[in-house]
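Here is what each chain is made of, one letter per residue.
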Amino acid sequence: DVQKMFNRIYLRIWTQLLDDEAKKLLLSLLSINPDGSDLDWVKQMSRHHIAEQDFNDKLEQLQNYSLVQVSGTVSSPVYSLHRTTVVFLNSEILLR
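Read on for an overview of the structure. Every value quoted in this text rests on a predicted model; they were computed, and no experiment measured them.

1. As for the packing of helix α2 (residues 20-28) against helix α4 (residues 55-64)
Following both chains from N to C, one finds α2 and α4 inclined at 75°, their axes separated by 9 Å at the closest point. If you check the angle between α2 and α4, you find them roughly perpendicular. Residues E21, A22, L25 and L26 of α2 form the contact with α4, whose own contacting residues are F55, K58, L59, Q61 and L62. For the contact of α2 with α4, the class distribution of residues is six nonpolar, one polar and two charged.

Now the structure itself:
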């Protein structure tokens, strides 16, 4: 089943590859607009969860594992979460 495959991939990333601050940033983005939000919104959501000086590194970590999608332009990026990421976080991380 495809969902089980995605869950295994996400679980490996979550348990073995992400550090705690990146996990906090990802969880803080669960309320992101499905159509995406700008960088200011992402920073605002993360401000209570990770140190400001760590923000860019943690966001890049999430992008490198395709947990955060980036669209828009270089000067106006738009950040969003793929639906499978949201399902994984809600069903496998928040419910445990």
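2. Description of the pairing of strand β3 (residues 77-80)
Here strand β1 (residues 37-38) runs beside β3; their pairing, made up of two bridges, is antiparallel. Note on β3: the bridge partner recorded for S37 is Y79. Examined bridge by bridge, strand β2 (residues 69-72) and β3 share four bridges and lie antiparallel to one another. By the bridge assignment for β3, S71 is matched with V78. Count of turn residues in the β2/β3 antiparallel hairpin: four residues.

3. Topic: the nonpolar core
Formed by 22 residues in total, the largest nonpolar core has its most connected members in L18, L26, L62 and V68. Secondary structure elements with two or more residues in this core: α1 (2-17), α2, α4 and α5 (83-93). Sort the elements by how many residues they give to this core and α5 lands first, with four residues. Setting aside residues no more than four positions away along its own chain, L18 makes contact with I13, K23, L26, Q61, L62, Y65 and L67.

4. Regarding α4
What sets the pattern is the α-helix's 3.6 residues per turn: residues three or four places apart point alike. Restricting attention to buried positions, one finds in α4 the residues F55, K58, L59, Q61 and L62. For α4, the angular spread of buried residues about the axis comes to 155°, placing them on one side. Exposed and facing more than 90 degrees away from the buried side of α4 are N56 and N64. Buried residues in α4 make contact with α1, α2, α3 (39-46) and β3. Note on α4: the residue one or two positions beyond its end, S66, has a positive phi of about 60°.

About the criteria used
- As a convention, each chain's residues are numbered from 1 in the sequence order in which they are written.
- Given that this is a predicted model, residues contribute local features only at a pLDDT of at least 70 and side-chain atom pairs are listed and counted only at 80 or more, while totals for whole chains, interfaces and linings are drawn from all residues.
- With hydrogens and water stripped out, all remaining heavy atoms of the structure feed into the side-chain values.
- Inter-axis angles, ranging from 0 to 180 degrees, are taken between N-to-C directions of lines fitted to C-alpha atoms, where helices are fitted over the stretch in contact.
- A run of DSSP states H or I qualifies as a helix once it reaches four residues; a run of E qualifies as a strand once it reaches two. Both are numbered from the N-terminal end.
- What sets the label is the angle itself: under 35 degrees gives roughly parallel, over 145 gives roughly antiparallel, 65 to 115 gives roughly perpendicular, and the rest give oblique.
- By the convention used here, residues are in contact when the closest approach between their heavy atoms is within 4.5 Å.
- The nonpolar class holds Ala, Val, Leu, Ile, Met, Phe, Trp, Tyr, Cys and Pro. Asp, Glu, Lys and Arg form the charged class, and all remaining residues, Gly among them, are polar.
- Any two strands are treated as partners once DSSP identifies two or more bridges connecting them.
- Throughout, nonpolar core names a set of buried Ala, Val, Leu, Ile, Met, Phe, Trp, Tyr and Cys residues whose side chains join them through atoms within 4.5 Å.
- Buried residues are those whose accessible area, probed at 1.4 Å on protein chains only, stays under 20% of the maximum for their type, while exposed residues exceed 50% and partly exposed ones sit between those limits.
- In this description, one arc is meant: the one made by directions from the helix axis to the C-beta atoms.

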